[in-house]
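Working through the structure, step by step
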Amino acid sequence: MNSSTEQMKTVGIVGLGLIGGSLGLDLRSHNFNVLGISHRQETCEKAKQIGAVDEYIVLSENSEVDEVKTKLLQGVEIVFICTPIDKITPTLKRLIPYLLPKTIVTDVGSVKTPIVQACSQLWDYFIGGHPMAGTARQGIEAAQNDLFVGAAYVLTPTETTPLVARERVEEIARSLGSIIYTCMPEEHDRAVAWISHLPVMVSAALIDACMSETDPKVFNLARQLASSGFRDTSRVGGGNPELGLMMAQYNQENLLRSLFSYRARLDRLIDTIKRENWDNLESILELTQRSRSEFLSSSHCSIINS
Ligand code: NAP
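Residues numbered from 1 in each chain as written. Predicted model: local features only at pLDDT ≥ 70, side-chain atom pairs only at ≥ 80, totals over all residues. Heavy atoms only, no water.

Along its length, the protein chain carries 13 helices and nine strands. A globule of 306 residues ought to have a C-alpha radius of gyration of about 19 Å, and the protein chain, at 22 Å, matches this closely. Seen through its C-alpha atoms, the protein chain measures out along the principal axes to roughly 75 × 45 × 35 Å. The burial tally for the protein chain puts 42% of its 306 residues in the buried class. (Helix = DSSP H or I, 4+ residues; strand = E, 2+ residues; numbered from the N terminus. Rg over C-alpha atoms; globule rule 2.2 N^0.38 Å. Buried < 20%, exposed > 50% of the residue type's maximum accessible area, 1.4 Å probe, protein only.)

Within the secondary structure layout, lysine 69 lies in helix H4 (residues 67–74). A polar atom in the side chain of lysine 69 sits 3.0 Å from the backbone oxygen of valine 58. Within polar-contact distance, the side chain of lysine 69 engages the backbone oxygen of glutamate 64 at 3.0 Å. Apart from residues no more than four positions distant in its own chain, lysine 69 is found in contact with Ile57, Val58, Ser63 and Glu64. (Polar contact = N/O pair within 3.5 Å; in protein donor to acceptor, adjacent residues only side chain to side chain. Contact = heavy atoms within 4.5 Å.)

Here the focus is a nonpolar patch on the surface. Side chains of Trp194, Ile195, Phe295 and Leu296 sit close together on the surface and give an oily, nonpolar patch of about 410 Å² of accessible area. Those elements giving two or more residues to the nonpolar patch turn out to be helix H8 (185–210) and helix H13 (278–297). Mapped onto the secondary structure, phenylalanine 295 falls in helix H13. Note on phenylalanine 295: relative accessible area 52%, which makes it exposed. (Patch = residues over 30% accessible without salt bridge, like charges linked within 9 Å, V, L, I, M, F, W, Y side chains within 5 Å. Areas by Shrake-Rupley, 256 points an atom, 1.4 Å probe, with all protein chains shown as cover. Salt bridge = Lys/Arg side-chain N within 4 Å of Asp/Glu carboxyl O.)

In this section: the pattern of salt bridges. According to the stated counting rule, one finds eleven salt bridges in the structure shown. With its nearest N and O atoms 2.9 Å apart, the salt bridge here joins arginine 168 to glutamate 171. Separated by three residues within a single helix, arginine 168 and glutamate 171 lie in helix H7 (residues 163–175), roughly one turn from each other. Take arginine 168: its relative accessible area is 9%, and that puts it in the buried class. Here the residues in one salt-bridge network are Arg40, Glu42, Lys46 and Glu141, joined through shared partners.

This brings us to the site of the ligand. Near the ligand, the surroundings consist of 26 residues, among which Ile19, Thr43, Thr83, Ser110 and Gly139 are the closest. Taking histidine 39, its side chain carries an N or O atom lying 2.9 Å from an oxygen atom of the ligand. Considering the ligand on its own, with 890 Å² of exposed area, one finds that the protein chains cover 86% of that surface. Where the shell around the ligand is concerned, the elements lending two or more residues are helix H2 (18–29) and strand S6 (126–131). Of the residues belonging to the shell around the ligand, the class tally is eleven nonpolar, 13 polar and two charged. (Near = heavy atom within 4 Å. Nonpolar A, V, L, I, M, F, W, Y, C, P; charged D, E, K, R; others polar.)

This is the structure in structure tokens:
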């Protein structure tokens, strides 16, 4: 990236939590000027303190947008909307009166179809995006450097998305160390139902089931013995509840399809164990062992990797 050119560019980030804050830290380290925008003064101040933004605007539903704020917003080349999923479209609506007509707007929401449908109608220079990186933490305190390095960054342009919007977001995401994938919003939502949204629900059910042990002695022993296996399998179920809720609300159909398929496999396992059909169980486990390594070995290169 040509840093002397980028030094002139201002990126706006609305929503300064794990994703928005981490984006701000990285973009600033790549010589972008970052204008942070959030609905709470305290969050904006923290973002400034940790170096995630150069300057900020507090923009709530009712806050006044004076000339200074308008000027700051009009100086932005591209806006990343990093709010919770249900606030993405209302945030774009709120920003529109203050953006110059060719400002590029993108989002980072974990579900794409409803967001892309709504936001593309509202703004010509909108392109949906989803950096597939995260931790179990949330809020500006969770922001960290290099969160996006080596992670997939999905872009979901439509037929009407201007090429310049796609190219610019791609260029910025690449500069963060991400690997770019491009697909339709519907394909994205179906794929992430399998590898992201289903695991959250399965992991939540696992945690919930473990908590149902009624013998306090056994419960405490299990707790003391819990090691890497339980940590790995419970990690995503122990993450941000708001995010899990919105994955289900906004990707309901795909998530349900994945959950029903999972339940059928679980029932088959229960049946196999009940019947003591150990040969069958062994075959299933051998197959899943092979499938996992094949599935993961082809990740990051099977969709259109541009
Ligand atoms: P988060 O840590 O909870 O951050 C969300 C931020 O949005 C908070 O800082 C919150 O500010 C702010 N916010 C809420 N309502 C707002 C509004 N109306 N206007 C402006 N700011 C508002 O959540 P996150 O994990 O960063 O997730 C943000 C987005 O990234 C979501 O759309 C999610 O789907 C997507 N995403 C998440 C992950 C992940 O693993 N976490 C991965 C990829 C994409 P306050 O703290 O001041 O309330």
